[in-house]
Amino acid sequence: MPNPRVYIETSIPSYYCEIRTDAEAIVRRNWTQHWWDFKRGSYETCISSAVLDELGTGDYPTKQAALALVAKIAVLPIVGEVLEIVKTYIDRSLMPADPAGDALHLAMASYHKCDFLLTWNCRHLANANKFQHIRIVNGMLGLHVPSLVTPLELLGEEP
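Not measured: the values here are computed from a predicted model. (Residues numbered from 1 in each chain as written. Predicted model: local features only at pLDDT ≥ 70, side-chain atom pairs only at ≥ 80, totals over all residues. Heavy atoms only, no water.)

A. Summary view of the overall build of the protein chain. Looking only at helices and strands, one finds eight helices and five strands in the protein chain. Mapped in sequence order, the helices and strands of the protein chain form the string β-α-α-β-α-α-β-α-α-β-α-β-α. Taking the principal axes of the C-alpha coordinates as reference, the protein chain spans close to 40 × 40 × 30 Å. Counting every position in the protein chain, which comprises 159 residues, the buried fraction comes to 48%. Within the protein chain, counting contacts between residues at least 6 apart in sequence, those at least 24 apart form 73% of the total. Total accessible area computed for the protein chain in this model is approximately 8000 Å², and 53% of it derives from carbon and sulfur atoms. If you average the places of the 14 positive and of the 18 negative side-chain charges in the protein chain, the two averages end up 2 Å apart. (Helix = DSSP H or I, 4+ residues; strand = E, 2+ residues; numbered from the N terminus. Buried < 20%, exposed > 50% of the residue type's maximum accessible area, 1.4 Å probe, protein only. Contact = heavy atoms within 4.5 Å. Areas by Shrake-Rupley, 256 points an atom, 1.4 Å probe, with all protein chains shown as cover. Lys, Arg positive; Asp, Glu negative; His and termini not counted. Charge placed at Lys NZ, Arg CZ, Asp CG, Glu CD.)

B. Main features of the packing of aromatic side chains. Enumeration over the complete set of coordinates arrives at six aromatic pairs. Seen in terms of ring centroids, Tyr16 and Trp36 are 5.9 Å apart; in terms of plane orientation they differ by 55°. Their pairing is tilted. Residue Tyr16 is located in helix H1 (residues 11-16), and its partner Trp36 is located in helix H2 (residues 23-39); the two are separated by 20 residues in the primary sequence. With respect to burial, Tyr16 and Trp36 carry one shared label: buried. Between the aromatic rings of Trp35 and Trp36, the centroid separation amounts to 6.3 Å while the plane-to-plane angle is 70°, which identifies the pairing as edge-to-face. Each member of the pair, Trp35 as well as Trp36, carries the same accessibility label: buried. Among the aromatic residues, those joined into a cluster by ring pairs are Tyr16, Trp35, Trp36, Tyr43 and Phe116. (Phe/Tyr/Trp six-rings, centres within 6.5 Å; stacked < 30°, edge-to-face > 60°.)

C. Representation of a nonpolar patch on the surface. A surface patch of nonpolar side chains, about 230 Å² in accessible area, is lined by Val27, Trp31 and Leu152. Looking at the element boundaries, Leu152 is found in helix H8 (residues 151-155). With a relative accessible area of 39%, Leu152 lands in the partly exposed category. (Patch = residues over 30% accessible without salt bridge, like charges linked within 9 Å, V, L, I, M, F, W, Y side chains within 5 Å. Salt bridge = Lys/Arg side-chain N within 4 Å of Asp/Glu carboxyl O.)

D. Layout of the nonpolar core. In this structure, Tyr7, Trp35, Trp36 and Tyr89 are the most contacted members of the largest nonpolar core, which totals 44 residues. Among the elements that make up this core, the one with the highest residue count is helix H6 (residues 102-111) (six residues). (Core = buried A, V, L, I, M, F, W, Y, C linked by side-chain atoms within 4.5 Å.)

E. Structural context of the environment of Leu55. Take Leu55: it is sitting in helix H3 (residues 49-56). Judged by its relative accessible area of 0%, Leu55 falls in the buried class. Once the C-alpha coordinates of Leu55 and Ala74 are considered, the two residues, 19 residues apart in sequence, prove to be 16 Å apart.

Shape is all these values report; function is a separate question.
Below you can see the structure in the form of structure tokens.
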């Protein structure tokens, strides 16, 4: 049986390399690093070019480290069908109106049938209050519904 597939959203490498010292940043960094260093090998991991684009944008101190972290992760293709899914998510107010943001990450994980979408974005993605709406829209589109989780939720997960 193949390992579960995890789509890694941009916040994961960002928090892995986080240098802020506030309590939330430290806790998220520690959980992210623990999952990445000790649990990631139990999963098939993937990203999209959107993750690379987001990590490559701007000037921040951990930019090169974050890009290096994902350099050897499989990059899933963004095909035309994914862009149609993104449009539907935005049109149905499921995700914010940034076609290269959260809607694209969810569409990629759904279209490519990832078991998990791993994120620290608890406002738009790993949000229990949005999950039923995501399930309904994906069901309408005939799409797989990935589990939207944080590294903390996968720390105890045994594939």
